[in-house]
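# Coordinate inspection notes
Chain by chain, the residues run as shown.
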Amino acid sequence: MKKEYFTSTWLALREPYDFLSRNKNLKKLIRKSDCILDIGSGTGGFGRWCIENDIFFKTMMLLDHDQRLLNNSRIYTAKFCKSKKLVIERISKRKFKVEDPVHNLTYGFETINRDLGLTIDLINNFDVLSMSALIDLLSIKYLSNLFNIINGNKVIAMTLCFNGKVSWNHKNIHDKYIVNEFNKDQQSIKEGELALGYKSIEKVKQLSKKKNFKISIHDSSWKLLSNSHENKKFHMKYLETIYKPLKRNDQVDNEMLEKWFSSKIKLIDNNSLETTVGHNDIIIQT
Ligand SMILES: C[S@@+](CC[C@H](N)C(=O)[O-])C[C@H]1O[C@@H](n2cnc3c(N)ncnc32)[C@H](O)[C@@H]1O
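Reading guide: rules and limits
- Residues numbered from 1 in each chain as written.
- Predicted model: local features only at pLDDT ≥ 70, side-chain atom pairs only at ≥ 80, totals over all residues.
- Helix = DSSP H or I, 4+ residues; strand = E, 2+ residues; numbered from the N terminus.
- Rg over C-alpha atoms; globule rule 2.2 N^0.38 Å.
- Buried ≥ 20, exposed ≤ 12 C-beta atoms within 10 Å, placed from the backbone.
- Axes fitted to C-alpha atoms, helices over the stretch in contact; angles between N-to-C directions.
- Parallel < 35°, antiparallel > 145°, perpendicular 65-115°, else oblique.
- Contact = placed C-beta atoms within 7 Å.
- Near = placed C-beta within 6 Å.
- Nonpolar A, V, L, I, M, F, W, Y, C, P; charged D, E, K, R; others polar.
- Pairing = 2+ DSSP bridges.
- Left-handed = near helix turned anticlockwise from the far one by under 90°.

## Some words on the overall build of the protein chain
Secondary structure summary: the protein chain contains 8 helices and 12 strands in total. Taking 286 residues into account, the globule formula puts the C-alpha radius of gyration at 19 Å, and the protein chain, at 19 Å, falls close to it. By its C-alpha atoms, the protein chain is 55 × 45 × 30 Å across when sized along the principal axes. Within the span of the protein chain, comprising 286 residues, buried residues form 34% of the whole.

Here it is, written out as structure tokens:
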């Protein structure tokens, strides 16, 4: 399976924007007694978002191939609990729990360090599968396999799926070219498998239809502003996620890329750039 590495710093920076963007319809479909498998969990941002939004669950297994991110899941969750009326308790190296005295609830967490290509045997042990900001990295083979193997009466929550659309309040003549090149770059072959990029959304729609699964798609786009130090910092970091891979790509016109990037940075500096990063939340009932 294609391996992609993300830093805890980047995941922490994006977490407040993710919190604002995910669609809350999921609340109706997750039950207090549910066990959730969070595939490509990173530091566990999805679990914290559920707790923040009173989406109750019994346990969440955080699965990632990057042990450093999993190690940070308890640390980040402890910080999160400190700002709420929640109590975190370490159970073992791989397990912790969060107590919510207001709702009289306990959320169990466990981490598992594994490549997502090796999750197929686990999938049917859970009521809910979650994949957050992940499906653009997946291949046709992985998605087809998942849809073939999953039993009925499960929920698949694919939140923050990048849909290939990035737009700005201030237009630049190179926007279209840059977004196109970025989408092509995202679909490149790494580790022998083609990541689908934004086309993963269409693939998931087709597979759901084929299997007669109920699917609903919601907007969960990021709205990035330039009106505070925090917003500017994240906005720049986000634009770098487009700029840096294109800078390494020798098919891309470097002069255009530099002009495009410096004009965006100027607009952030003068507090005026707004960027919409297209995301969708996909909820599937099998
Ligand atoms: C964009 S991050 C999203 C993290 C998290 N789901 C969230 O919403 O904050 C993608 C995650 O997928 C994980 N990942 C990428 N390729 C993987 C693979 N082949 N096996 C397991 N995890 C993988 C990365 O380590 C990273 O944590």
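## Overview of the packing of helix α5 (residues 175–186) against helix α7 (residues 229–248)
It is the contact of α5 with α7, at a shortest axis distance of 10 Å, that shows an interaxial angle of 75 degrees. Here α5 is positioned roughly perpendicular relative to α7, judged by the angle of their axes. Residues Ile178, Glu181, Phe182 and Asp185 of α5 touch α7, and the partners they reach there are Ile242, Pro245 and Leu246.

## Quick look at the site of the ligand
Near the ligand there are 22 residues, and of these Gly40, Gly42, Gly45, His65 and Ser132 occur at the shortest range. Mapped onto the shell around the ligand, the elements with two or more residues apiece are α1 (8–21) and α2 (45–52). In the shell around the ligand, the residues fall into 9 nonpolar, 6 polar and 7 charged.

## A word on the pairing of strand β4 (residues 95–100)
By the bridge criterion, 5 bridges tie strand β3 (residues 87–92) to β4 in an arrangement that is antiparallel. Residue isoleucine 88 lies in a different strand from β4, and its bridge partner there is valine 98. The hairpin formed by β3 and β4 contains 2 residues between the paired strands. In sequence, β4 turns back onto strand β5 (residues 105–113) through a hairpin of 4 residues, with asparagine 104 there showing a positive phi of about 55 degrees.

## Describing the pairing of strand β12 (residues 275–285)
With 9 bridges connecting them, strand β7 (residues 155–168) and β12 associate as antiparallel partners. Counted as the bridge partner of tryptophan 168 is threonine 275 from β12. The pairing of strand β11 (residues 222–224) with β12 spans 3 bridges and is antiparallel. Residue pairing across strands places leucine 224 opposite threonine 275, the latter belonging to β12.

## With respect to α2
A large share of α2 lies buried, amounting to 7 of its 8 residues. For α2, every residue scored as buried is listed here: Gly45, Phe46, Gly47, Arg48, Trp49, Cys50 and Ile51. Aspartate 54 sits one or two positions beyond α2 and adopts a positive phi of about 55 degrees.

## Examining the environment of isoleucine 268
Position of isoleucine 268 among the secondary structure elements: in helix α8 (residues 254–269). Residue classification places isoleucine 268 among the buried positions, given that 20 C-beta atoms sit within 10 Å. Spatially, the C-alpha atom of isoleucine 268 lies 29 Å from that of isoleucine 135, the residues being 133 residues apart in sequence. Beyond its immediate sequence surroundings of up to four residues, isoleucine 268 is in contact with Ser226, Lys232, His235, Met236 and Leu273.

## Comments concerning the environment of serine 221
Considering the arrangement of structural elements, one finds serine 221 in the loop between β10 (214–219) and β11. In sequence terms serine 221 and glutamate 181 are 40 residues apart; their C-alpha atoms lie 20 Å from each other.

## Examining the packing of α1 against helix α3 (residues 67–82)
At a minimum axis distance of 10 Å, the contact between α1 and α3 shows a crossing angle of 45 degrees. Accordingly, the angle class assigned to the pair α1 and α3 is oblique. For the element pair α1 and α3, the recorded crossing hand is right-handed. Seen from α1, the contacting residues are Ser8, Leu11 and Ala12; seen from α3, they are Arg68, Leu69, Asn72 and Tyr76. Counted by class, the contact of α1 with α3 contains 4 nonpolar, 2 polar and 1 charged residues.

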